[in-house]
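Overview (structure and organization)
Read off the chains here:
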Amino acid sequence: MPASAKLPYSPFRRFAAALMVSALIPAANAWAADLNLAYSSSATSMDPQFHNASQNIAVSRNMFETLTQMDPDSRIIPNLAESWTKIDDLTWEFKLRPAKFQDGSDFTAEDVAWSLQRPNTIENSPSSFAIYTRAITKTEVVDPHTIRLITKTPYPLLPADLTSVFIVSKKASEGISSEKFATPEHMIGTGPYKFVKYTPDDRVVMTRFDGYWGGKPAWDNVTIRFMPNDGSRMTALLSGDVNAIENVPTPDIEKVKANPDLVYSAKKTHRLIFLFLDSGRDSSPGVKAADGSAIAKNPLTDVRVRKAINMAIDRKAISDRLMMGLAYPTNNLSTDQMLGFDPALENVPFDQAAAKKLLADAGYPDGFRLTLGTPNNRLLNDERVAQAIAQMLTRIGIRTDVDAVPFSAINTKGNRGDFSAVMMGWGVQTAEASSGIRMMVACPDKARGWGVVNWSHYCNPALTEQLVALTSEMDDAKRNDMLKAAVHTVNDDMPIVPLYFQGMTWAAKKGIKIIPRMDERTSALTFEPAQ
């Protein structure tokens, strides 16, 4: 690559840690009040290391912190680590800031070592955080505020991976199961808010932590309400039952913008909405012949069928008619700010005639029947989008029914292998395309933590070789080219069908400032009293 070529933003070039510290520390706020915030989906666990799901991360972020973090534009900046240095290709040294846990005890390198080891020991996680810690083969506590992390091979993604691993108090969490975590004596972090109470599928209550290293938190008390129903969430905002919400219902966006008593914000995120297609099993539970009878072989194992599905979906129509422009069509696996992005994959084909020909060439001139799973309370307009996709697939001969269930049920069904096709979303968590590939597309590999949610049952040894090589490449330019090649391998096989990157919206009562985030992680930190 020529020296003059412009790469997407890379968090690994030079972190400029010292310059970023000031951006992390909120100014002490003389004005404070209570924040009542409504989330659009429920948390499934209070243990910040149990279930790697965005709604859980959003809740944990109020009370727990990570060594590194992403700023609102997904650039990596310091958090509990003030700075970090690559000692050699295998060794990273992190300098820790002086901080206190919410029980008054000191935050130390021993807590970091414990927190990085704990995800590997948690059993029955629906989606494990261990993918972000498996590269670490050894931790060395140099002193209470210095820790060294050693990897088996060169691993450039470590600072990015650590944005996803919350630090817990060893004293408060050692020997505690995830099920018993949701009590004030165990929910001990270094974050700006202290845990008070959790009512499943209803709310989390917190109060400010006056000993927070970053200064006085903006709010005295914070209550997060779980309100998956769009109408209920909007009504709660208008009535004053809550004073801020995420995911403004798309039919209400223009009304919210025009309401002088409300403030509104939107941002393109790096959450990829896509379809899993069961390409790895000869028999699949949600596929039948065109006449409804059993089918001899799963048609989704044929790449021509998978490509036909990709070409049958009118992403622009979905964006314009259902998503109010809050869907950004793509066949990429990362946004244009991240490594591995290829502009050529933004020109997504939509050609129903070509899709029908591909089906006929694959031996299905009369099509077949398919059940498409989807959450109905997790993604923006998820059930409506799935119904639109079902209609588009039906037009090319794939008669599609939709199975819409709550997000909590989706994970159970997906991990059990109940789906032939399912619409899901994945927030790119390491500022490059390898995040989703390792988690959703790679051959299942317990030692590496890869393929944890590979619901396509896809396995390509050539892709494994690409991932092994690129996750050891320390040079950004070389890794960018390797990532593009891996993305094209996935795109050529189409075990997942990328649809669009989702936009995110927020609304609040007048007098509240909204700080929109590309990673969608709504928390009390997303809102501040307007100055």
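In this text the structure is predicted, and so the values were computed from the model without any measurement.

Rules used in this analysis
Starting from 1, residues in each chain are numbered consecutively following that chain's sequence as written. For this predicted model, a pLDDT threshold of at least 70 governs which residues receive local features, and a threshold of 80 or more governs which side-chain atom pairs are given and counted, while totals over whole chains, interfaces and linings are taken from all residues. Heavy atoms throughout the structure, all of them, feed into the side-chain values; hydrogens and water do not. When accessible area is computed with a 1.4 Å probe and restricted to protein chains, residues below 20% of their type maximum are described as buried, those above 50% as exposed, and intermediate ones as partly exposed. In this description a helix means any DSSP run of H or I spanning at least four residues, a strand means any run of E spanning at least two, and both kinds are numbered starting from the N terminus. The arc refers to the directions leading from the helix axis to the C-beta atoms. Here a polar contact means two N or O atoms within 3.5 Å. Within protein one must be a hydrogen donor candidate and the other an acceptor candidate, and residues neighboring in sequence count only if both atoms are side-chain atoms. For the purposes of this analysis, a disulfide is any pair of cysteine sulfur atoms at a distance within 2.5 Å. Each axis is a line fitted through C-alpha atoms, and for a helix only the stretch in contact is used; angles between axes span 0 to 180 degrees, taken between their N-to-C directions. Throughout, the term roughly parallel applies to angles under 35 degrees, roughly antiparallel to angles over 145, roughly perpendicular to angles from 65 to 115, and oblique to all others. Contacts are residue-level and defined by heavy atoms, with any inter-residue pair within 4.5 Å sufficient. All amino acids are sorted into three groups, where Ala, Val, Leu, Ile, Met, Phe, Trp, Tyr, Cys and Pro are nonpolar, Asp, Glu, Lys and Arg are charged, and the leftover types, Gly among them, are polar. We call two strands paired when DSSP finds no fewer than two bridges between them. To pair, rings of Phe, Tyr and Trp, with the six-membered ring standing in for Trp, must have centres within 6.5 Å; the planes then decide the type, stacked if under 30 degrees apart, edge-to-face if over 60, and tilted in the middle.

1. Things to note about helix α14 (residues 461-470)
Those residues of α14 not exposed but buried are Leu-463, Thr-464, Leu-467 and Leu-470. Here the buried residues of α14 occupy an arc of 140 degrees about the axis, which is enough to place them on one side. α14 presents Pro-461 and Glu-465 as exposed residues on the side facing more than 90 degrees away from its buried surface. If you check the start of α14, you find a side-chain oxygen 2.9 Å away from the backbone N of Ala-462, and it comes from Asn-460.

2. Structural notes on the state of the cysteines
In the structure shown here, the tally under the stated rule is one disulfide. Between the sulfur atoms of Cys-443 and its disulfide mate Cys-459 the distance is 2.0 Å. Here the S-S torsion is close to 100 degrees, and the disulfide linking Cys-443 with Cys-459 is therefore right-handed. You can see Cys-443 sitting in the loop between α13 (434-441) and α14 and its partner Cys-459 sitting in the loop between α13 and α14, a full 16 residues away along the chain.

3. Section: the packing of helix α8 (residues 303-312) against helix α15 (residues 476-493)
At their nearest, the axes of α8 and α15 sit 8 Å apart, and the two run at 95 degrees to each other. As judged from the angle between their axes, α8 and α15 are roughly perpendicular. Contact with α8, carried on its side by Val-303, Arg-306 and Lys-307, involves Asn-491, Asp-492 and Asp-493 of α15 and no other residues of that element. Broken down by class, the residue content of the contact of α8 with α15 amounts to one nonpolar, one polar and four charged.

4. Quick notes on helix α10 (residues 352-361)
Within an α-helix, residues lying three or four positions from one another point in the same direction, as the helix has 3.6 residues per turn. Two or three places before Ala-353, at the start of α10, stands the capping residue Asp-351, its side-chain oxygen 3.2 Å from that residue's backbone nitrogen. Gly-363 sits one or two positions beyond α10 and adopts a positive phi of about 100 degrees.

5. Some words on the sheet that holds strand β8 (residues 146-151)
Reading across from one edge, β5-β6-β8-β7 is the order of the four strands in this open sheet, with antiparallel pairing throughout. The sheet is open, and its two borders are formed by β5 (81-88) and β7 (136-143), each paired with just one other strand. For this sheet the average axis-to-axis angle between neighbouring strands, irrespective of direction, equals 20 degrees. Note that β5 and strand β6 (residues 91-96) share six bridges and pair antiparallel. Note that in β6 the partner of Lys-86 across the bridge is Trp-92.

6. A short note on the packing of aromatic side chains
Under the counting rule described, the total for this entry stands at eight aromatic pairs. A centroid spacing of 6.4 Å and a plane angle of 55 degrees characterise the contact between Tyr-39 and Phe-226, whose relative ring orientation is tilted. With a gap of 187 residues between them, Tyr-39 in strand β1 (residues 33-39) and Phe-226 in strand β12 (residues 219-226) connect regions that are remote in the sequence. Overall, the relative accessible area of 1% leaves Tyr-39 in the buried class. On the basis of an interplanar angle of 70 degrees and a centroid distance of 5.7 Å, the ring pair of Tyr-364 and Phe-368 is categorised as edge-to-face. Since its relative accessible area comes to 17%, Tyr-364 is described here as buried.

7. Quick notes on the environment of Ala-109
Here Ala-109 shows up in helix α3 (residues 109-117). Given the relative accessible area of 0%, Ala-109 is considered buried. C-alpha separation for the pair Ala-109 and Tyr-458, spaced 349 residues apart in sequence, amounts to 39 Å. Residues contacting Ala-109, with those up to four places away along its chain left out, are Leu-96, Val-141, Asp-143, Pro-144, Thr-146 and Ile-147.

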